[in-house]
Amino acid sequence: MDKETLIAQLKEIVKPYAKNQEALLNINENTDFVNDLKINSANLVDVILDVEEQFNIVIDNESMERMLDVKSAMEIIEAKLAAK
Amino acid sequence: MTIQEVLQKLPFAPPFLFVDGLDHINSEKVQGHFTFRKDMDCYRGHFKGNPITPGVLLTEVMAQTGLVCLGIYLLGDEVLGGNMTFGLTSTEIEFLRPVFPGEKVTVYAEKVYFRFGKLKCRVILKNEAGEDVCSGTIAGMIITKPHE
């Protein structure tokens, strides 16, 4: 899966939870879920559960704690998909 | 964990304890009840001369049973750090019928998920006639105490 496709899929996932619509429009690898998109910590859990469902992967606690921005989310998703 | 153990671990006390008892609990769902006593303070002002239970208190009944009781049960023997507590994070509830002073309500809560310290439940509150009073989804999380 290329990066643009993955970012586009992440954009759809975070859309319902992002408070900052402008940051959502400009989402890129460096976008931070909390600081840029203003997703609160409770909704971050929903983002991760939606990622699990969308990609059919299981995110463990350690990965969850690292999944705070688009870049690390992409790394984790790619690693989990590769390990399947 | 027994119902009695769950109730003993509740972090609430009057006048803000809104669980009288639990009918049953397991890792998927919980059923509990509460009676709104006629002499409760809230009826003096909600509304003037026309006492009706405030929606926030109906929400609180559902949260204390559906999130806190079930959360305590799901944590089991896992001890929360002294600086940790429960926080309500979201509610999406429809209110269908009024609850008058003296009415007993029963909460039916079913776990949607409990992951990464967040518990989300589908909840229904019914009156003694078995009619839905309100229903929706609520979620809460284990958080660091805000004052510490």
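Conventions used here
Residues numbered from 1 in each chain as written. Chains lettered and ligands numbered in written order. Predicted model: local features only at pLDDT ≥ 70, side-chain atom pairs only at ≥ 80, totals over all residues. Helix = DSSP H or I, 4+ residues; strand = E, 2+ residues; numbered from the N terminus. Rg over C-alpha atoms; globule rule 2.2 N^0.38 Å. Buried ≥ 20, exposed ≤ 12 C-beta atoms within 10 Å, placed from the backbone. Contact = placed C-beta atoms within 7 Å. Expected span 1.5 Å × (residues − 1). Nonpolar A, V, L, I, M, F, W, Y, C, P; charged D, E, K, R; others polar. Pairing = 2+ DSSP bridges.

Caption draft 1: Molecular detail of the overall build of chain B. Within chain B, the regular secondary structure consists of two helices and six strands. Written out in order from the N terminus, the α and β elements of chain B read α-β-β-α-β-β-β-β. In summary, chain B has a C-alpha radius of gyration of 15 Å against a globular reference of 15 Å for 148 residues, a match within 12%. Seen through its principal axes, chain B has C-alpha atoms that stretch 45 × 35 × 30 Å. The buried share of chain B, taken over its 148 residues, is 28%. Here the analysis covers contacts within chain B between residues at least 6 apart in sequence; of these, 66% occur between residues at least 24 apart.

Caption draft 2: Summary view of the environment of Arg44(B). All names here are of chain B. Along the chain, the position of arginine 44 falls in the loop between strand E2 (29-35) and helix H2 (55-75). The exposure class of arginine 44 is exposed, given the 10 C-beta atoms found within 10 Å. Distance from arginine 44 to glycine 140, taken between C-alpha atoms, is 30 Å for residues 96 residues apart in sequence.

Caption draft 3: Just helix H3 (residues 41-55) of chain A, in detail. Residue and element names in this part refer to chain A. Between the first and last C-alpha of H3 there are 21 Å, a value that for 15 residues agrees with the 21 Å anticipated at 1.5 Å per step. If you check which residues of H3 are buried, you get Ala42, Asn43, Leu44, Val45, Asp46, Val47, Ile48 and Val51. Directly beyond the C-terminal end of H3, a positive phi value near 55 degrees is found at asparagine 56.

Caption draft 4: How the structure looks around the interface of chain A and chain B. Facing six residues of chain A, the contacting portion of chain B comprises eight residues. When residues of the side of chain A that touches chain B are traced back to their parent elements, those giving at least two are H3 and helix H4 (61-66) of chain A. With four residues, H3(A) is the single largest residue contributor to the side of chain A that touches chain B. Residue composition of the side of chain A that touches chain B, grouped by class: five nonpolar, one polar and no charged.

Caption draft 5: Spatial organisation of the pairing of strand E4 (residues 104-115) of chain B. Residue and element names in this part refer to chain B. As paired strands, E2 and E4 are joined by seven bridges and run antiparallel to one another. Within E4, the position partnered with glycine 32 by the bridge is valine 107. Bridge count between E4 and strand E5 (residues 118-126): nine bridges; the pairing is antiparallel. Bridging across to E5, glutamate 110 finds its partner in arginine 122. A loop of two residues connects E4 with E5, the two strands running antiparallel in sequence, and phenylalanine 116 in this loop sits at a positive phi of about 50 degrees.

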